Amino acid sequence: MSSGSHKDQNGGTQADEAQDSSDRRDILILFATETGTAQEAADRIARECRRGHFQARVRNMGTYPPEELVSEHLVLFVVSTTGSGTEPRAMTPLWNLLLRSDLPDDLFEDLDFGIFGLGDSAYEKFCWPAKKLSRRLTNLGAHEICDRGEGDDQHQLSIDEQLLDILLQLYPPLTVSPETKISDPLDADPCYWDVTVQCNRRITADDWFQDVRHFELLSDQDLDYQPGDVVVIHPTALDSEVDNFLVTMGWANTTDEPFTITHTMQDQSLPEHTPEVTTLRVLFTRYLDFNAVPRRCFFELLRHFATDALEREKLDDFVSNEGADELYEYCQRVKRTIREVVAEFRSARIPRDYVFDLFPPLRPRQFSIASSPKRHPREIHLCVAIVKYRTKLKIPRTGVCTSFLVALQAGDKLRITIQKGLISLPKDPTTPVICVGPGTGVAPMRAVIEERIHAGSKSTILYFGCRSALKDHHYYAEWREYADAGKITYRVAFSRDGPEGVKRTYVQDLLRQDKESVWELLGKQQGTLIISGSSNKMPAAVREAVRDAVEEFGNMAKQDAINFVSLMEREGRLIEECWS
């Protein structure tokens, strides 16, 4: 990648303009993320900028006022990609503003920018939001001062290496004091409110390997959410794990001593709702994640604090290009956590002032709502798979948020908010809607079905998939009741219940069996297709099954069928709500 340069109307070059901007030594880094990867990348860029004596400001695109962008002179965008190629939710307000048709072509003529996209090349629309953002900003007069970077999850080193490349193209400790009063900023955030846990019930068989839970949350206020919307929950780490971690770090004697956090370094982002006065116990219970799987940059920083020669040598090996495979085997492959790493590198003593540099934020988690407020006023239902699995390590791997949720009991309080989802239903309840939601992907489909039944619809078709009819058939009694009453059509695939040696049946196989009906509903009747669930092979396989139906029963050539499915997506008649 090479830096671009072009003449302006006064004969100067863009390189001259970039030099003028660099004299101000300030840069805005805007990130949009779903899983936290883009935020970590933004923080890494900021640290490198700090070494070059730049004043970087790291901001979440979702909380940055989009109308202020026109006042910036140098911005680096770090944008992740969802499985379906859509932009992260945090990018939506800015993107909607940029799409306005009344914006002048020279709106951003004084803006220099760079874009780093994060994605997975296994998906068709690799780094699609970054590409769209680059094109739109250029059309509005902004100057892209370096080639767009594209970090690929399929390559272990690519993100780190490309971040450094971008930095080269762009340009060749916290103050604490004792306090006593500690408050939680989340309590004062008007966008959040309290709900009471009414139900925490396992809905998979007791002897089944996976624990899936049905939660019911009760609010004391009326709720107005739509199918596809998500609940945002801030988890807390388990007390026992926090205690053990603080002892391992050598902080046992100062665990509950209050101190003040002053955000003096704007090139460093802090977790959302970080309190001004806190303790180490509160910080690692609510705001910093020691159970995360560390990335390469963690080891790069940890080596500075290791005093043992052998440990330092091992850390040097890990962060070298030659040691990339060894680091992957040690950490990413087995999902070793930060807590386990620091327990092995015992000579590394991290000063309190550097905790925000090394430890990632304990991010809030998003869960699709599995209910309609029209059917369940003042209630929110969730269908959540509890994360617990084994690797080569002795101790099973668990999810921070689902471990927090599974321990909730009736009467417990949660502070939540709701975010807008991606699903948009037809206004006419007679318009067919095909819902494809295997596993916990059925959560938003339950909301869709309840919403449409309340509106009097009898033209919803649910394709559900699970392993066993008796073990993980989520909400079976509800689907059977609706189907028997003629309110929905229900099709289900049990992938593990068939005879040994017989090809397994998945939701995409049911769609192939129903190809003529699929074309009738989506082609002739202009229905909507909603796909929800894990963003592995399922969404692509469902799309392929629909394309085959269009090709065969719509009498289209293969490319025309592909174009038809693409048109459905552009018209909002094909919606993916998938997660990794």
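Please refer to the structure higher up on the page.
Residues numbered from 1 in each chain as written. Predicted model: local features only at pLDDT ≥ 70, side-chain atom pairs only at ≥ 80, totals over all residues. Heavy atoms only, no water.

**Q** Any chance you could explain the pattern of salt bridges here in plain terms?
**A** Two side chains with opposite charge may pair up if their charged atoms get near one another. A complete count under the given rule lists 33 salt bridges for this structure. A salt bridge links Glu 576 to Arg 543; its shortest N-O distance comes to 2.6 Å. Of this pair, Glu 576 sits in strand E21 (residues 574-579) while Arg 543 sits in helix H19 (residues 538-553), placing them 33 residues apart in sequence. You can call Glu 576 buried: its relative accessible area is 9%. Among the charged side chains, a network of salt bridges with common partners joins Glu 34, Arg 89 and Glu 577. (Salt bridge = Lys/Arg side-chain N within 4 Å of Asp/Glu carboxyl O. Helix = DSSP H or I, 4+ residues; strand = E, 2+ residues; numbered from the N terminus. Buried < 20%, exposed > 50% of the residue type's maximum accessible area, 1.4 Å probe, protein only.)

**Q** Hey, could you run me through the packing of aromatic side chains in this one?
**A** Each aromatic ring pair is summarised here by two numbers: the centre-to-centre distance and the angle between the ring planes. Counting across every chain of the model gives 21 aromatic pairs. Considering the side-chain rings of Phe 245 and Phe 284, the 4.9 Å spacing of their centres and the 55° angle between planes classify their relative orientation as tilted. Taken together, the residues span a long stretch of sequence, with Phe 245 in helix H7 (residues 239-248) and Phe 284 in helix H8 (residues 280-287) at a distance of 39 residues. According to the relative accessible area criterion, Phe 245 is buried, its value standing at 0%. With relative accessibility at 0%, the residue Phe 284 sits in the buried group. Judged by centre distance (6.4 Å) and plane angle (40°), the ring pair of Trp 479 and Tyr 490 falls under tilted. (Phe/Tyr/Trp six-rings, centres within 6.5 Å; stacked < 30°, edge-to-face > 60°.)

**Q** Help me out: how do you make sense of the sheet that holds strand E12 (residues 365-368) in this one?
**A** Sheet strands pair by backbone hydrogen bonding; their relative direction is either parallel or antiparallel. Spatial ordering of the open sheet is given by E12-E9-E16-E7-E8-E13, a layout of six strands whose pairing is antiparallel. Each edge of the open sheet is held by one strand with a lone partner, namely E12 and strand E13 (379-385). Strand-to-strand twist across the sheet, computed as the mean angle between neighbouring axes with direction ignored, equals 40°. Looking at chain direction, strand E7 (residues 193-202) and strand E8 (residues 212-219) are connected through seven bridges and run antiparallel. Residue pairing in the sheet places Thr 196 in a bridge with Leu 218 of E8. (Pairing = 2+ DSSP bridges. Axes fitted to C-alpha atoms, helices over the stretch in contact; angles between N-to-C directions.)

**Q** What exactly am I supposed to notice about the packing of helix H15 (residues 442-454) against helix H16 (residues 476-484) here?
**A** For any two helices packed against each other, one specifies the inter-axial angle together with the distance between the axes. Where H15 meets H16, the closest approach of the two axes is 12 Å, and the angle between their N-to-C directions is 30°. Crossing angle aside, the handedness with which H15 passes H16 is left-handed. In contact with Val 442, Arg 446, Ile 449, Glu 450 and Ile 453 of H15, H16 contributes Glu 478, Trp 479 and Tyr 482. (Left-handed = near helix turned anticlockwise from the far one by under 90°. Contact = heavy atoms within 4.5 Å.)

**Q** Just to check I follow, could you spell out the packing of H7 against H8 for this structure?
**A** As a packed pair, H7 and H8 sit with axes 10 Å apart at the nearest point and diverge in direction by 125°. Between H7 and H8, the angle is such that the two are oblique. Considering the relative orientation of H7 and H8, their crossing is right-handed. Listed contacts from H8 to Val 242, Asp 243, Phe 245 and Leu 246 of H7 are Leu 280, Arg 281, Phe 284 and Thr 285. In terms of residue class, the contact of H7 with H8 is made up of five nonpolar, one polar and two charged. (Parallel < 35°, antiparallel > 145°, perpendicular 65-115°, else oblique. Nonpolar A, V, L, I, M, F, W, Y, C, P; charged D, E, K, R; others polar.)

**Q** Explain the sheet that holds strand E19 (residues 488-494) here, please?
**A** The five strands are arranged E19-E18-E17-E20-E21 in an open sheet whose pairing can be described as parallel. Each end of this open sheet is capped by a strand with a single partner; those strands are E19 and E21. Strand-to-strand, the axes of this sheet are offset by a mean angle of 10°, without reference to chain direction. Strands strand E17 (433-436), strand E18 (460-466), E19 and strand E20 (528-534) of the sheet are contacted by H15, whose axis makes an angle of about 155° with E18.

**Q** Quick question: what am I supposed to make of helix H4 (residues 128-139) here?
**A** One turn of the α-helix equals 3.6 residues, which is why residues spaced by three or four share an orientation. Between its first and last C-alpha atoms H4 spans 17 Å; for twelve residues at 1.5 Å apiece the expected length is 16 Å, and the two agree. Three or more residues of H4 are buried, namely Pro 129, Ala 130, Lys 132, Leu 133, Ser 134, Arg 136 and Leu 137. Looking at the buried residues of H4, the elements they touch are strand E3 (74-79), helix H3 (92-98), strand E4 (112-119) and strand E5 (143-144). Downstream of H4 by one or two residues, Gly 141 has phi in the positive range, about 95°. (Expected span 1.5 Å × (residues − 1).)

**Q** For this particular structure, what's the right way to read the nonpolar core?
**A** Nonpolar side chains in soluble globular proteins generally cluster together in the buried interior. Among the nonpolar cores identified, the biggest contains 38 residues, and Phe 245, Leu 283, Phe 284, Phe 299, Leu 302 and Phe 359 are the most heavily contacted of them. Secondary structure elements with two or more residues in this core: H7, H8, helix H9 (296-302), helix H10 (309-319), helix H11 (324-332), helix H12 (338-344) and helix H13 (355-358). Ignoring sequence-local partners within four residues, the contact set of Phe 359 consists of Phe 245, Met 249, Phe 284, Leu 288, Asp 289, Ile 338 and Ile 350. (Core = buried A, V, L, I, M, F, W, Y, C linked by side-chain atoms within 4.5 Å.)

**Q** Would you mind going over the side chain of Glu 72 with me for this structure?
**A** Along the polypeptide, Glu 72 turns up in the loop between strand E2 (55-60) and E3. Side chain to side chain, Glu 72 and Arg 57 meet in a polar contact 2.7 Å long. Excluding its chain neighbours within four sequence positions, the residues that come into contact with Glu 72 are Leu 28, Arg 57, Tyr 64, Asp 110 and Leu 111. (Polar contact = N/O pair within 3.5 Å; in protein donor to acceptor, adjacent residues only side chain to side chain.)

**Q** Please clarify how the environment of Val 70 should be interpreted in this entry.
**A** Inspection of the secondary structure assignment puts Val 70 in the loop between E2 and E3. The class of Val 70 is partly exposed, set by a relative accessible area of 42%. A C-alpha to C-alpha distance of 9.9 Å links Val 70 and Ala 142, two positions 72 residues apart in sequence. Beyond its immediate stretch of four places on either side in the chain, Val 70 contacts Leu 107 and Phe 108.

**Q** Sorry, what's going on with unusual backbone geometry here?
**A** What is expected of a backbone is that most residues other than glycine have negative phi and most peptide bonds are trans. One non-glycine residue, Lys 335, lies in positive phi territory at about 60°. Counting through the fold element by element, Lys 335 comes out in the loop between H11 and H12. Residue classification places Lys 335 among the partly exposed residues on the basis of a relative accessible area of 36%. Even without a glycine there, the phi angle at Gln 526 is positive, about 55°. Relative to the helices and strands, Gln 526 resides in the loop between helix H18 (515-524) and E20.

**Q** Would you mind showing me how to read a negative patch on the surface here?
**A** Taken together, the side chains of Asp 105, Asp 106, Glu 109 and Asp 110 make up a negatively charged region of the molecular surface. Tracing the sequence through the fold places Asp 105 in the loop between H3 and E4. For Asp 105, a relative accessible area of 61% puts it in the exposed group. (Patch = residues over 30% accessible without salt bridge, like charges linked within 9 Å, V, L, I, M, F, W, Y side chains within 5 Å. Areas by Shrake-Rupley, 256 points an atom, 1.4 Å probe, with all protein chains shown as cover. Lys, Arg positive; Asp, Glu negative; His and termini not counted. Charge placed at Lys NZ, Arg CZ, Asp CG, Glu CD.)

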